[in-house]
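Chain and residue survey
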Amino acid sequence: MEMGTSIDIRLEKLVNPAGNLAAAAELPEHSGAPARGTFFLETFGCQMNQHDSEKVAGLLLARGYQQVKTPEAAGLILYNTCSIREKAAQKVFSRLGEYRGLKGEGKKIGLLGCVAQQEGEDIFSRAPWVSLVCGSASYRKLPELLAKVEAGELRVTGLDNDTDQTFETEMTRRDNPWRAYLTIIEGCDKSCAYCVVPFTRGPERSRDSSRILADLQQLAEFGYTEVQFLGQTVNSYADPSPRKLRFSELLLEAASVPGIRRIRFTTSHPRDFTPDIIAAMDSNQTICNHVHLPVQSGSTRVLRAMQRTYSRAEYLEKIAMVRGARRRTAITTDVIVGFPGETAADFDDTLSLMDEVRYDGVFSFKYSPRPNTPASSMADAIPEEEKSRRLVLLQEKQRLIQAKTLQSLENEIFEVHVDGKSKKENCWYGHSSCNRVVSLTSTAENLLGAYVQARVTGSTANSLLGEHII
Ligand code: SAM
Ligand code: SF4
């Protein structure tokens, strides 16, 4: 692909309610939308942001824009930002700085996502070359905001954060032709002391179950076989429709949609992780046997200070529930080290919890103070070097645990959904239902999108190696 040409979207699909399938590049001709120029969209942060960007791109394509691969080639440059940790937010401002001169060339620059919501109109003083600032809770207003930007308004904002509305798009430009994200709940009503999400994404809003199931049916018709339900606290889902489906009931209905072979969900909050979810997973193999259950700390004292709403013992009860399932289920987590006041004994509690649970994967972070959060004004900040030291210890422990687990899986057989071809000849990669990455050798000509059986022959630090059983 040459720099600056229209993005290659041969394998990408657009979803719209009329059930049309169209290559994005062709959309301006076929949609009746006037050609409006080009856009470049860069995304920082979590899967929710990745998927929001897929929806924003769909919305722009439907308005007649074409997506390009470089900011230089674009008339409209959009950054979908993350502010979960300070470093992520800083990255956004350095990126904005790089394109400071572009406004003079008639380009428009817009900031979306968590940094946009957090910094609000201050962005215009800090980076006057930006003309649009819009947080995720206002994406539903993007068509009218974009119209203002197109009309030449210089400071357009979408910062309304207190809403019961969700972001519904007619079209979504998906990045993967087989696996699709589907947001079922937006925002967060929890109030973890360290976290910006409730401020940047607004209150919890669940989507109507009938809309979710209709989206799913359409995805199946378009050939998607694996769908991941998304939400900051996905299992806090509360169906606003008269059916009032529980999260576990939604999983079961989703799993029975013809053509759907895998349903995943992330992120689960331990407080709302109830036995009916495990029962649903046990009763229907289409629901993937993987649970991401962030613990954050192994110390009850720190968990209380973090306002996580559970103790170590209560969290371990949830783990026992997952381990007690009929299906062997992979468990992954998030951990923060160096929360204010975390003592050596507290940190030892986190290390011992790792030994006790033996997670299949851990995302670990140094605590980063964030604006407006209760933790940012807490006493007893942990020095940066100590946070780094604890992070290394934790990651080393996890590396050893994971290596042992992966080695123990040798000779086992996994079903792999193949979604990539390695540069190595006859080598493919994909994911198991329990979300392990599996690289496999095969003599088959093309496995992309296929579900295949693979026997494990070895492992690396983070993945399994295997061979295709034909
Ligand atoms: N909603 C999810 C939950 O309840 O665990 C996670 C949302 S957050 C996008 C992903 C992870 O970032 C969190 O689980 C936490 O480990 C980490 N995180 C959030 N705020 C943080 C902060 N201020 N400093 C360091 N890590 C943070
Ligand atoms: Fe942040 Fe806690 Fe909400 Fe997760 S549950 S998004 S960590 S406030």
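In short, a report on the structure. Remember, it's a predicted structure, so these values are computed and weren't measured experimentally.

Let's shift gears to the site of ligand 1. The environment of ligand 1 is formed by 15 residues, the closest being Tyr194, Gln232, Gln296, Asp334 and Ser368. Contact between ligand 1 and Gln232: a nitrogen atom at 2.7 Å from a main-chain N or O atom of the residue. Within the backbone of Ser368, an N or O atom sits 2.8 Å from a nitrogen atom of ligand 1. Protein chains shield 91% of the accessible area of ligand 1, which is 560 Å² for the free molecule. Put simply, the parts of the chain that give the shell around ligand 1 at least two residues each are β15 (330–337) and β16 (361–366). For the shell around ligand 1, the residue count by class is six nonpolar, four polar and five charged.

Within the open sheet, the three strands sit side by side as β9-β12-β13. Their pairing is parallel. Edge positions in the sheet fall to β9 (179–183) and β13 (262–266), since each has one partner strand and no second. Averaged over all adjacent pairs, the angle separating strand axes in this sheet is 25°, with direction ignored. The strands touched by helix α8 (residues 209–221) within the sheet are β9, β12 (226–230) and β13, with β9 carrying the most contacts at an inclination of about 170°. Those strands touched by helix α9 (residues 247–255) are β12 and β13, and its axis lies near 150° from that of β13.

Our next topic: the packing of α9 against helix α10 (residues 275–283). How two helices sit against one another is set out by the angle between their axes and by the gap between those axes. Relative orientation of the contacting elements α9 and α10 amounts to 15°, with a least axis distance of 8 Å. The angle between the axes of α9 and α10 places the two elements in the roughly parallel class. The handedness of the crossing between α9 and α10 is right-handed. Facing Phe247, Ser248, Leu251 and Leu252 of α9, the residues of α10 in contact are Asp276, Ile277, Ala280 and Ser283. Its residues assigned to classes, the contact of α9 with α10 shows five nonpolar, two polar and one charged.

Each neighbour pair has its own omega, and for Thr266 with Thr267 the value is 5°, a cis peptide bond. Even without a glycine there, the phi angle at Lys244 is positive, about 50°. Looking at the secondary structure, you find Lys244 in the loop between β12 and α9. In this structure, Asn435 takes a positive phi of about 70° despite not being glycine. For Asn435, the location among the structural elements is in the loop between β18 (427–432) and β19 (437–441).

Bringing the pattern of salt bridges into the picture now. What the rule picks out here adds up to 33 salt bridges. Arg63 is the partner of Glu150 in a salt bridge, and the nearest nitrogen-oxygen pair spans 3.0 Å. One end of the pair, Glu150, is in helix α6 (residues 142–150); the other, Arg63, is in the loop between α2 (47–62) and β3 (65–67), and 87 residues separate them in sequence. In this structure Glu150 comes out as partly exposed when scored by relative accessible area, which is 29%. Taking relative accessible area as the criterion, Arg63 reaches 16% and is therefore assigned buried. A salt bridge links Glu168 to Arg211, with the nearest nitrogen and oxygen atoms 3.6 Å apart. With Glu168 in the loop between β7 (156–158) and β8 (172–173) and Arg211 in helix α8, this residue pair connects regions lying 43 residues apart in the sequence. Via salt bridges that share partners, Glu226, Arg261, Arg262, Arg264 and Glu415 belong to a single interconnected network.

In this structure, Ile184, Leu216, Val227, Phe229, Phe265 and Tyr359 are the most contacted members of the largest nonpolar core, which totals 54 residues. Discounting chain neighbours no more than four positions away, the residues touching Val227 are Ala180, Leu182, Leu216, Leu219, Ile260, Arg262, Ile263 and Arg264. One finds Cys82, Tyr99, Ile123 and Trp129 within the second-largest nonpolar core, a separate group that totals 23 residues.

Reading the values: rules and limits
Residues numbered from 1 in each chain as written. Chains lettered and ligands numbered in written order. Predicted model: local features only at pLDDT ≥ 70, side-chain atom pairs only at ≥ 80, totals over all residues. Heavy atoms only, no water. Near = heavy atom within 4 Å. Polar contact = N/O pair within 3.5 Å; in protein donor to acceptor, adjacent residues only side chain to side chain. Areas by Shrake-Rupley, 256 points an atom, 1.4 Å probe, with all protein chains shown as cover. Helix = DSSP H or I, 4+ residues; strand = E, 2+ residues; numbered from the N terminus. Nonpolar A, V, L, I, M, F, W, Y, C, P; charged D, E, K, R; others polar. Pairing = 2+ DSSP bridges. Axes fitted to C-alpha atoms, helices over the stretch in contact; angles between N-to-C directions. Contact = heavy atoms within 4.5 Å. Parallel < 35°, antiparallel > 145°, perpendicular 65-115°, else oblique. Left-handed = near helix turned anticlockwise from the far one by under 90°. Salt bridge = Lys/Arg side-chain N within 4 Å of Asp/Glu carboxyl O. Buried < 20%, exposed > 50% of the residue type's maximum accessible area, 1.4 Å probe, protein only. Core = buried A, V, L, I, M, F, W, Y, C linked by side-chain atoms within 4.5 Å.

Function cannot be inferred from these measures alone, as they are strictly geometric.
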